[in-house]
Amino acid sequence: MHSGRGIKLLAGTSHPEMADLIAKRLGIDLSPVTVARNGIGETQVQLQESVREEDVYILGTSASGSVNTALMELCIMIHACKIASAGRITAVIPHFPYARQDRKEKSRAPISAKLVANMLQTSGCDHVITMDLHASQIQGFFDVPVDNLYGEPSMIRFIRDALTPDEHPTKDIVIVSPDAGGTKRAASIADKLNTDLAIFHKERKKENQVSRMILVGSVRDKIAILVDDMADTCGTLELAAHHLIEAGARKVWAVVTHGVLSGRAEPTIRESKLEKLVITNTLPVRDKLEAQEKHGAWGGKLEVIDITGVLAETVRRSHYGESVSKLFDEVPWSTQ
């Protein structure tokens with residue numbers, strides 16, 4: 001960061017709770033921004049204070065059900081700051097939109113994640129901070145720096161705190177990847193926790209529908225913890241939990257970074273063999289937790305890991321020109 005440049009944190013309407021928590025952790029106020037929509041649905045943005053030559057961080061995530069609105073809002077806010085002469089503009093995108101459309105799986109299919117990268121850069125973005133990209137190669141779609149943070153340290157801390165060594169030694173735990181693509185993440189967590197590893201091989205009939213799963217590894221008489229980057233309709237987690245219980249697991253948890261939880265996710269989780277579904281707050285979770293508390297939704301199985309401390313520390317380090325790589329392996333002390 002150039003000397004004398006101040007920090008400004010702006011946020012749209014996609015995740016106001018996260019914006020407030022990050023601002024509180026940074027010890028600053030959110031910069032006032034008016035975001036409105038006219039009669040035909042166009043987004044209108046008005047910055048309420050100067051950002052000239054400031055170091056600007058704009059928070060926007062792909063809120064479930066309004067991904068396109070949140071994306072356009074973020075791009076327009078970036079553009080507004082650009083033409084208001086901001087010194088540097090960083091997009092803080094905890095859950096990157098269209099991350100699953102990162103390659104051509106069929107003829108004439110778009111690579112929408114690349115399009116999103118182009119949109120952000122064309123809007124005037126100088127830097128991107130995100131978390132657990134569905135495919136880390138998405139960083140290569142950008143010509144500006146991308147910091148892809150990991151939910152892994154927060155997951156490891158949660159598992160360690162929830163399953164204390166006295167009650168459940170590591171030999172009683174097995175980390176399970178629900179598909180071959182998540183093997184690297186699961187292996188890393190298993191290695192750091194010194195536990196066993198198991199992997200599912202799955203075959204899909206079509207997107208979001210799994211036809212069959214084959215378990216590789218032993219889970220008998222162990223606590224099986226499924227780890228993944230995303231839980232959407234939760235069909236994979238439900239099927240995996242069923243197979244793990246059949247294979248002799250004592251109980252099954254799922255720990256994932258992005259709780260998209262769309263469609264029939266709630267009854268699927270409630271009726272599944274899962275004892276616990278743990279997500280982070282990269283996406284809005286307040287309404288889900290309120291539904292659980294008031295109406296018993298999710299079968300009381302939903303728990304949330306707060307990762308705003310990691311994001312706030314990344315913003316602080318980025319602003320002061322410090323290394324961010326330490327956060328790839330450790331949770332900031334201030335969040336503990």
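Definitions and cut-offs
Residues numbered from 1 in each chain as written. Predicted model: local features only at pLDDT ≥ 70, side-chain atom pairs only at ≥ 80, totals over all residues. Heavy atoms only, no water. Helix = DSSP H or I, 4+ residues; strand = E, 2+ residues; numbered from the N terminus. Rg over C-alpha atoms; globule rule 2.2 N^0.38 Å. Buried < 20%, exposed > 50% of the residue type's maximum accessible area, 1.4 Å probe, protein only. Contact = heavy atoms within 4.5 Å. Areas by Shrake-Rupley, 256 points an atom, 1.4 Å probe, with all protein chains shown as cover. Lys, Arg positive; Asp, Glu negative; His and termini not counted. Charge placed at Lys NZ, Arg CZ, Asp CG, Glu CD. Pairing = 2+ DSSP bridges. Axes fitted to C-alpha atoms, helices over the stretch in contact; angles between N-to-C directions. Core = buried A, V, L, I, M, F, W, Y, C linked by side-chain atoms within 4.5 Å. Domains from an automatic or database assignment. Buried area = accessible area lost by both parts, 1.4 Å probe.

## Observations concerning the overall build of the protein
Counting secondary structure elements, the protein contains 9 helices and 14 strands. Computed over C-alpha atoms, the radius of gyration of the protein comes to 20 Å, within 12% of the 20 Å expected from 2.2 N^0.38 for 336 residues, which places it in the range of a compact globule. Burial statistics for the protein: of 336 residues in total, 52% are counted as buried. Contacts in the protein between residues far apart in sequence, at least 24 positions, make up 67% of those at least 6 positions apart. In the form shown here, the protein has an accessible surface area of approximately 15,700 Å², with 47% of it arising from carbon and sulfur atoms. Positive and negative charge centroids in the protein, built from 40 and 43 side chains respectively, lie 4 Å apart.

## Digging into the pairing of strand S1 (residues 7–11)
Most of S1 is tucked away, with 4 of its 5 residues classed as buried. Relative to strand S4 (residues 55–59), S1 runs parallel, the two being bridged by 5 bridges. Pairing of Leu9 across the sheet is with Tyr57, part of S4.

## Some words on the sheet that holds strand S6 (residues 127–131)
Two modes of strand pairing occur in sheets, parallel and antiparallel, and in both the strands are linked by backbone hydrogen bonds. Taking strand neighbours across the sheet as the criterion, the 5 strands line up as S1-S4-S5-S6-S7 in an open arrangement whose pairing is parallel. With partners counted over all chains shown, the strands left at the sheet margins are S1 and strand S7 (146–149), one partner each. Neighbouring strand axes in the sheet, compared pairwise and without regard to direction, differ in orientation by 15° on average. Relative to S7, S6 runs parallel, the two being bridged by 4 bridges. Bridge assignment links Met131 to a residue of S7, and that residue is Leu149.

## Quick notes on the nonpolar core
For soluble globular proteins, nonpolar side chains are generally found buried alongside one another. Ranked by internal contacts, the top residues of the largest apolar core, which has 37 residues, are Ile175, Ile225, Val255 and Leu311. The residue makeup of this core includes at least three contributed by each of domain 1 (7–149 + 308–328) and domain 2 (152–305). If we ignore the near neighbours within four places in the chain, the residues touching Leu311 are Met18, Ile22, Val92, Pro94, Ile129 and Leu149. Val51, Ile58, Ala113 and Cys125 belong to the second-largest nonpolar core, a separate cluster that totals 31 residues.

## Some thoughts on unusual backbone geometry
Backbone geometry at Ser85 places phi at a positive 70°, although glycine is not the residue there. Relative to the assigned elements, Ser85 resides in the loop between helix H2 (67–83) and strand S5 (88–93). The backbone phi angle of Trp298 is positive, close to 65°, even though this residue is not glycine. Of note, Trp298 is situated in the loop between helix H8 (286–295) and strand S14 (302–305). Given a relative accessible area of 6%, Trp298 falls into the buried group.

## A word on the environment of His95
Positionally, His95 belongs in the loop between S5 and helix H3 (112–123). Separated by 135 residues in sequence, His95 and Met230 place their C-alpha atoms 9.6 Å apart. Those residues in contact with His95 that sit more than four places away from it in its chain are Thr61, Ser62, Met230, His258, Val260, Thr282 and Leu283.

## Brief notes about the domain arrangement of the protein
Here the protein is described as being made up of domain 1 (7–149 + 308–328) and domain 2 (152–305). Computed over C-alpha atoms, the centres of domain 1 and domain 2 are 28 Å apart. Across the contact, 19 residues belong to domain 1 and 16 residues belong to domain 2. Across the domain 1/domain 2 interface, buried area totals approximately 1,500 Å², and carbon plus sulfur atoms make up 51% of it. Of all residues in domain 1, the largest losses of buried area upon contact with domain 2 belong to His95, Arg100 and Asp132, amounting jointly to 37% of the total for that side.

## Looking at the side chain of Thr43
Tracing the backbone through its elements, the reader meets Thr43 in strand S3 (residues 43–47). Not counting residues within four places of it along the chain, the set of residues in contact with Thr43 comprises Val35, Ala36, Arg37, Glu73 and Ile76.

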